[in-house]
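# Breakdown of the fold
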Amino acid sequence: MIERVLSYVREMNMIPAGSRGIVAVSGGADSICLMHVLYRLQAELDIRLTVCHVNHGIRGSEADRDEAYVRSEAEKLGLPCRIFHRNIPDTAREQGISTEEAGRQVRYACFGELKEETGADWIALAHQKDDQAETILFHILRGTGIRGLRGIQPVLGDRIRPLLAVSREEIEDWLKKEGISYCTDSTNLTSEYDRNRIRNRILPELQKINGRAKEHLVMLAQEAEELYDIQETEAERQEKNCRYYISGGKWMTLEEWKESGEALSAVEILSAGTSGDTADDTEKPERVHPELIFRQLERLAGRRKDITRRHVEAIRALAENEPGKRAELPYQLIAERTRTGILLHLQEENIRPETEPECPKVEGLMVGRIPYHPGDEIPKGEDRKMVAAEAVRGTPYLRKPLPGDRIVIKKDGSSKPLNRFFTDRKIPAELRKDWPVVADDNGILWVIGLRLSEHCRVTEETKEVILFIPKGR
């Protein structure tokens with residue numbers, strides 16, 4: 001047991017030499033084993049330990065028995081021990097959550113409090129291989145993706161789980177061999193909680209079908225971990241098509257938001273290419289990866305426990321709808337289809353446009369005609385534009401929009417009314433009538449400051465180009 005745990009701790013890089021840790025001990029077999037194993041590894045790992053026990057105020061004298069036993073065992077080993085008393089039923093009622101969930105939240109809060117008090121580096125929890133199998137099955141029944149199939153993580157932030165490499169049976173056999181007693185929580189023998197039903201009823205039945213059912217679930221978690229790495233890579237790639245909003249009306253890139261330290265109010269997952277003028281603002285967003293959506297919702301809500309694949313698919317389906325369609329989500333979140341993508345935001349947040357549009361100031365237009373060879377640089381930005389000369393009819397000139405103006409938005413020649421284009425770009429009505437455009441005998445070539453008409457873009461076949469340089473910009 002000692003060697004297996006030591007090997008696993010080193011394999012997962014769980015415990016730095018010279019560090020200090022909190023050991024969460026309930027009094028049951030798993031946590032008593034964890035305490036004794038880490039105690040025996042103190043010199044080998046060069047660590048210092050503090051024991052933490054939380055009395056939930058639920059099981060009366062049985063809970064008091066567990067508390068006394070943990071305190072006694074810690075004293076025998078010469079380990080400092082801190083006992084927390086909390087009323088979990090009251091917490092559950094106050095927060096409107098289950099007793100099971102309240103207990104979990106309170107325990108972690110106590111562990112964190114003691115970690116801060118002692119200056120500890122990590123918190124050791126006693127989850128073992130059977131817990132892993134139960135967790136994976138629980139996630140499957142609740143509805144999960146690859147992330148949930150990974151089950152319990154050996155290392156997650158400051159929490160470590162050194163016993164994940166051993167089973168409950170192995171732990172109990174070792175304790176018996178070493179002559180170490182432990183407490184039995186009577187509530188674990190009932191099927192009042194979902195996890196207990198899985199442990200006491202469902203998994204035993206699965207073991208009858210296949211004696212390696214638990215082992216297969218753990219193997220599934222290992223494969224899911226590898227697949228999740230691929231998902232994360234794809235989500236990170238798609239994050240480049242997101243923009244982040246903080247209260248006060250400022251949009252940022254992901255890097256800018258992280259550096260700002262500000263609370264996040266909204267995220268917009270943009271349609272592919274909407275940051276440039278080559279895309280059609282009404283095109284559907286790229287098929288968004290589920291993990292990207294999970295990430296953004298977790299950033300907004302601070303958690304993702306109650307966000308399921310059903311919510312993610314509802315968000316992805318918005319891409320098939322017209323702008324304005326919306327979906328309500330857990331944690332007071334809203335998802336809605338915008339002209340430029342999918343906006344996720346807190347329900348009460350009033351999201352303002354990224355910038356207030358201004359009508360470009362243009363006094364005139366300089367026009368030049370020059371040869372073009374494939375590979376020649378095409379000007380970027382809005383201070384000048386280059387178009388294919390063969391697409392221009394007559395002499396191009398500067399003017400204001402006219403009734404019936406249209407702009408070509410796709411390579412196949414599809415166009416839309418200029419007024420509709422202004423609407424999609426959120427240009428206020430009072431600015432549209434004076435917005436400068438470059439036109440030829442057939443219509444719009446360039447809406448200055450916004451985009452070129454698709455039909456006049458430079459291609460590899462272009463032999464000659466016309467360069468537009470607005471004066472006064």
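For clarity, every value in this text was computed on a predicted model and none was experimentally measured. (Residues numbered from 1 in each chain as written. Predicted model: local features only at pLDDT ≥ 70, side-chain atom pairs only at ≥ 80, totals over all residues. Heavy atoms only, no water.)

Moving on to the sheet that holds strand β7 (residues 242-246). The strand order across the open sheet built from six strands is β8-β7-β9-β12-β11-β10, with neighbouring strands paired in antiparallel fashion. At either end of the open sheet lies a strand with only one pairing partner, and these are β8 (250-252) and β10 (326-329). Shown here is a sheet whose adjacent strand axes are inclined to one another by a mean of 20°, direction ignored. Alignment of strand β11 (residues 333-337) against strand β12 (residues 341-346), held across five bridges, turns out to be antiparallel. Opposite Glu336, over in β12, you have Leu343 as the bridge partner. Where helix α13 (residues 290-301) meets the sheet, it contacts β7, β9 (264-270), β10, β11 and β12, and its direction lies at approximately 165° from that of β9. (Pairing = 2+ DSSP bridges. Helix = DSSP H or I, 4+ residues; strand = E, 2+ residues; numbered from the N terminus. Axes fitted to C-alpha atoms, helices over the stretch in contact; angles between N-to-C directions. Contact = heavy atoms within 4.5 Å.)

Here the focus is the pairing of β9. A regular strand places its side chains so that they alternate between the two faces of the sheet. Along β9, seven of the seven residues are buried, which leaves the element largely enclosed by surrounding structure. Note that β7 and β9 share five bridges and pair antiparallel. Residue pairing for β9: Cys242 is matched across the bridge by Ile269. With five bridges joining them, β9 and β12 adopt antiparallel strand pairing. Paired with Leu270 across the two strands is Gly341, which belongs to β12. (Buried < 20%, exposed > 50% of the residue type's maximum accessible area, 1.4 Å probe, protein only.)

Turning our attention to the environment of Asn196. Following the sequence through the fold, Asn196 ends up in helix α10 (residues 194-209). For the pair Asn196 and Glu134, spaced 62 residues apart in sequence, the C-alpha to C-alpha distance is 9.2 Å.

Right, let's get into the nonpolar core. One finds Ile15, Met35, Leu38, Trp122, Leu163 and Leu175 to be the most contacted residues of the largest nonpolar core, which totals 39 residues. Elements with a minimum of two residues in this core: α1 (2-11), α2 (29-40), β2 (48-55), α4 (61-77), β4 (122-124) and α9 (168-178). Ranked by the residues each element gives to this core, the list is headed by α2, at seven residues. The residues contacting Met35, other than those within four sequence positions of it, are Val23, Val25, Val51, Glu73, Ala74, Leu77 and Leu79. (Core = buried A, V, L, I, M, F, W, Y, C linked by side-chain atoms within 4.5 Å.)

Moving on, we come to the pattern of salt bridges. Per the counting criterion, the structure on display carries 39 salt bridges. Residues Glu178 and Arg40 are paired through a salt bridge, measuring 3.1 Å at the closest nitrogen-oxygen approach. Taken as a pair, Glu178 in helix α9 and Arg40 in helix α2 lie far apart in primary sequence, 138 residues in all. Glu178 gets classed as partly exposed once you look at its relative accessible area, which sits at 32%. Residue class for Arg40 comes out partly exposed when judged on its relative accessible area of 39%. (Salt bridge = Lys/Arg side-chain N within 4 Å of Asp/Glu carboxyl O.)

Quick look at α13 now. Between its first and last C-alpha atoms α13 spans 16 Å; for 12 residues at 1.5 Å apiece the expected length is 16 Å, and the two agree. Of all 12 residues in α13, nine are buried, a share of seventy percent or more. Those residues of α13 that fall on the buried side of the exposure criterion are Pro290, Glu291, Leu292, Ile293, Phe294, Arg295, Gln296, Leu297 and Leu300. Positive backbone phi, at 85°, marks Gly302, one or two positions downstream of α13. (Expected span 1.5 Å × (residues − 1).)

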